[in-house]
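Tertiary structure, described
Listed below are the residues making up each chain.
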Amino acid sequence: MKRIGIIGAGPAGLMAAICAKNKNNHVTIFEANDKVGKKLLMTGGGRCNITNSAYFDDFLENVVTNKKFIYSAFTNFDNYALIDFLNQNGLETIIEEDGRVFPKSEKAIDIVSFFENKIKEKSIDLKTNTKIKKIYKDEVFYLTDQNDKTYTFDYLIIATGGKSYPKTGSDGNGYLLACKLGHKIIDPRAVLVPIFINNKLSLKAQSFKDVSLNIKTKDENINVSGDLLINGNFLTGPAALKASSFILGKNIVKFSIDFLPDLTYNELEKHILDLIGDNTKKTLGNALRSLINSSFLEEILRLGKIDINKNVSELTKEDRKAIVTYIKDFKIDFARLGSFESAVVTRGGIDLKDVNPKNMESRLQDGLFFVGEILDIDSLTGGFNLQTYFSTAYAAGTYIKENT
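First, a word on scope: everything that follows refers to the structure included in this document. Here the structure is a predicted model, which means the values were calculated and not measured.

As a further point, take the state of the cysteines. Across all of its chains, the model carries 0 disulfides by this definition. Cys19 takes part in no disulfide bond, and the closest cysteine sulfur to it belongs to Cys48, at a distance of 16 Å. On the accessibility criterion, Cys19 (9% relative accessible area) is buried. In this structure Cys48 comes out as buried when scored by relative accessible area, which is 1%.

Further remarks concern the pattern of salt bridges. For the structure shown, the criterion picks out 23 salt bridges. Through salt bridges that share partners, Arg47, Glu96, Asp98, Arg100 and Glu106 make up one connected network.

What follows concerns the pairing of strand β11 (residues 155–158). Burial along β11 is two-sided: the face carrying Tyr155 and Ile157 and the face carrying Leu156 and Ile158 are both buried. Sheet topology note: the strand β1 (residues 2–7)/β11 ladder contains 4 bridges and is parallel. Paired with Ile6 across the bridge in β11 is Ile157. The pairing of β11 with strand β21 (residues 368–370) spans 3 bridges and is classified as parallel. If you follow Ile157 over to β21, its bridge partner there is Phe369.

The subject of this paragraph is the pairing of strand β2 (residues 25–30). β2 sits mainly inside the fold: 5 of its 6 residues count as buried. Relative to β2, β1 runs parallel, the two being bridged by 6 bridges. Within the sheet, the bridge partner assigned to Lys2 lies in β2 and is Asn25. For the handedness criterion, the β-α-β arrangement of β1, helix α1 (residues 11–20) and β2 is classed as right-handed. Sheet topology note: the β2/strand β7 (residues 125–127) ladder contains 3 bridges and is parallel.

Attention now goes to the sheet that holds β11. Strand order in the open sheet made by the 5 strands is β7-β2-β1-β11-β21, with parallel pairing throughout. Where the open sheet ends on each side, the last strands, each with one partner, are β7 and β21. Looking at each pair of strands side by side, their axes are set apart by 15° on average, direction ignored. Each of β1, β2 and β11 touches α1; the most contacted strand, β2, lies at about 170° to it.

Here helix α12 (residues 384–402) spans 27 Å end to end across 19 residues, near enough to the 27 Å set by a 1.5 Å rise per residue. Across the 19 residues of α12, 15 count as buried, placing the element largely inside the fold.

Relative orientation of the contacting elements α1 and α12 amounts to 30°, with a least axis distance of 7 Å. Taken together, the axes of α1 and α12 lie roughly parallel to each other. Taken as a pair, α1 and α12 cross one another with a handedness that is right-handed. Taken together, the residues of α12 that come into contact with α1 (itself represented by Pro11, Ala12, Met15, Ala16, Cys19 and Ala20) are Leu386, Tyr389, Phe390, Ala393, Tyr394, Gly397, Thr398, Ile400 and Lys401. Residues of the contact of α1 with α12, tallied by class, amount to 12 nonpolar, 2 polar and 1 charged.

The rules behind the values
Residues numbered from 1 in each chain as written. Predicted model: local features only at pLDDT ≥ 70, side-chain atom pairs only at ≥ 80, totals over all residues. Heavy atoms only, no water. Disulfide = S-S within 2.5 Å. Buried < 20%, exposed > 50% of the residue type's maximum accessible area, 1.4 Å probe, protein only. Salt bridge = Lys/Arg side-chain N within 4 Å of Asp/Glu carboxyl O. Helix = DSSP H or I, 4+ residues; strand = E, 2+ residues; numbered from the N terminus. Pairing = 2+ DSSP bridges. Right-handed = clockwise from strand over helix to strand, strands pointing away. Axes fitted to C-alpha atoms, helices over the stretch in contact; angles between N-to-C directions. Contact = heavy atoms within 4.5 Å. Expected span 1.5 Å × (residues − 1). Parallel < 35°, antiparallel > 145°, perpendicular 65-115°, else oblique. Left-handed = near helix turned anticlockwise from the far one by under 90°. Nonpolar A, V, L, I, M, F, W, Y, C, P; charged D, E, K, R; others polar.

In structure tokens:
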């Protein structure tokens, strides 16, 4: 009977185990934490954004790093195959307007429970609180844990994740193990992170819908749309996280926010004049309160040194132009990107030149596979990253199942 070892019980490790198991093999999963799927519980704000319903080409457009590599695995197990797999095995899903897919219960714990039940159902051996410290191969793979206990396997899948959210156990140990087996690591970097700014803003946790981030780097212009959260000295939310993925390692020349991208400068100024005309006896703050988030309006007027309590009739043309400019071209003094502590995913990892894209097997060591975030693949927010983890896990797991 062939022995399959899997290091890591996150989404990729769990899916790989389920796909690899058959009556002719024995599968063992090692997890350093006391429970499986710790990071899964955090995704989607605790709701678990499993995947995205975008159609094939649109889905792949959201893969930022090494899109070509994932093509084969995604073709064989795409987002709709994953949804069918979950539904047919008793986990109902829902699709939101933006394409994000969640469990119908909107509880991440239900996804974790789903995998736990499948592991038990298939009699897969799960060893929690077990961290693999040493590894080498001599015909078979030898793994040694923190208690110096040694295990041997014919096939080995490394699914330890990257370095994002290290408090969940993602400490980069998988990179060290891969290096011991001869693999090269592309420098891991934090992506999908908050953007820290030097602006001294008085805002606290203010959210904005459908804004546009306009960023000029040394080599290109980047435009990202979506919802944004401004909290003191940093930007977060979907738009900021997406932008962070595009600007990593680039020289920022100019960074601004258009809070009302659907209106031109002239249309916005006309709208302000209409509000003034309809509220001639009101203060500026009251007359313009429907224009934009009230706290941000106060901030704009403060920055423009415009008295929020003066009558609208006292608003000068210069004041009006200043308000329009602040709303349409709000200058951001970029400071830095967030660290691994706040990163959704890791960019970098196993150099894909040494991995077969069809089954995730190492080109350097027969019987060795890499799946999930440890691979040098990263995507935008919205369920795209988790899907690539499941697709790579399916590729490796099914290959092992068919060959044991």
